[in-house]
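# Tertiary structure, described
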Amino acid sequence: MINDKVLHALHKCPLFEGMNDISIELTLGSSNYKLVKYAKRDVYTLAGMPCKYADIVVSGRLLCRLVSLSGKQVEVSQLGEGDIIAPAFIFSYNRDMPVSVETDTEVTILRMSPETLKRLIDTDETIRMNFIRSLSDIDVFLTLKMKVLSLFTIREKVAYLLLERAGEQNSNIIHLYRSRQEIADSFGIQKFSLLRVLSAFEKEGAISIDGKTIEILNREKLR
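Now for a description of the structure that goes with this document. Bear in mind the structure is a predicted one, so any value in this text is a computation, not a measurement.

What counts and how
Residues numbered from 1 in each chain as written. Predicted model: local features only at pLDDT ≥ 70, side-chain atom pairs only at ≥ 80, totals over all residues. Heavy atoms only, no water. Helix = DSSP H or I, 4+ residues; strand = E, 2+ residues; numbered from the N terminus. Buried < 20%, exposed > 50% of the residue type's maximum accessible area, 1.4 Å probe, protein only. Polar contact = N/O pair within 3.5 Å; in protein donor to acceptor, adjacent residues only side chain to side chain. Contact = heavy atoms within 4.5 Å. Expected span 1.5 Å × (residues − 1). Arc of directions from axis to C-beta. Pairing = 2+ DSSP bridges. Axes fitted to C-alpha atoms, helices over the stretch in contact; angles between N-to-C directions.

Looking now at the side chain of Ser 31. Counting through the fold element by element, Ser 31 comes out in the loop between α2 (21-29) and β1 (34-38). Taking the relative accessible area as the measure of exposure, Ser 31 reaches 8% and is therefore buried. Here the side chain of Ser 31 touches Thr 27 through a polar contact of 3.2 Å, landing on its backbone oxygen. Apart from residues lying up to four places away in sequence, Ser 31 is in contact with Thr 116, Arg 119 and Leu 120.

Shown next as structure tokens:
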């Protein structure tokens, strides 16, 4: 029987969208899977290594980064509860990961083999369509991410970050769990530039800063 914590994560997973507890239990009941734990700051995979598993995040947070030859890192995405790790590479001909993935917290993964996932896709229409939809959503995500990294000004990148975190935390009071340097690195900008923009937003009355807590006072001034 699947424990409540795992079941809660699977309800957030796009693969099981629209399925109730019983459907998920019956679907996975005859499947081979295991729970794998990673410590904080563990390396899940490095760029260039093959995608070997069909993994779903049960708890914790992972960071996906592109690394240049000079060592400069740019954060591509964060993965959390219910996310499938690299779904586009599970069945690709070239399964080499384009990014390095590291745990940002302690992480628990539900791990299946690609063969197990294929069997689920072949035998369950809901999972098949959900998997196809999740692959389609990747195009939307990558288009937006390329726009943010390539076309946005530094001010627009910082505003995007604040509004995105507010949406994730469902509050105008944002708790930043990462350092200013890590946030700057995630956008490929200098820490000084990040601090300058945050200071400008505060002076303009858009935000209020208290350590790692930022309150959005006026959303319009961030747009």
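Anyway, onward from the coordinates.
Taking 1.5 Å per residue, 13 residues should reach 18 Å; helix α7 (residues 191-203) reaches 18 Å between its end C-alpha atoms and fits that length. Turning to α7, its buried residues number three or more, namely Ser 193, Leu 194, Val 197, Leu 198 and Phe 201. Projected down its long axis, α7 carries its buried residues within an arc of 130°, all on one side. Away from its buried face by more than 90 degrees, α7 exposes Phe 192 and Lys 203. Where the residues of α7 are buried, they touch α5 (154-169), α6 (180-187), β9 (207-210) and β10 (213-216). Gly 205 occupies a position one or two residues after α7 and carries a positive phi of about 85°.

What follows covers the sheet that holds strand β6 (residues 100-103). Overall, antiparallel pairing links the four strands, which are arranged β2-β6-β4-β5 in an open sheet. Where the open sheet ends on each side, the last strands, each with one partner, are β2 (43-45) and β5 (73-79). Direction aside, the axes of adjacent strands within the sheet are offset by 30° on average. Sheet analysis places strand β4 (residues 62-67) next to β6, joined by four bridges and oriented antiparallel. Residue pairing across strands places Arg 65 opposite Ser 100, the latter belonging to β6.

The three strands are arranged β8-β10-β9 in an open sheet whose pairing can be described as antiparallel. Looking along the sheet, the strands with just one partner apiece sit at the ends: β8 (173-175) and β9. Within the sheet, the average angular offset between the axes of one strand and its neighbour, ignoring direction, is 20°. Bridging between β9 and β10 involves four bridges; their strand directions are antiparallel. What sits directly across from Ile 207, in β10, is Ile 216. This element, α7, spans β9 and β10 of the sheet and lies at about 120° to β9.

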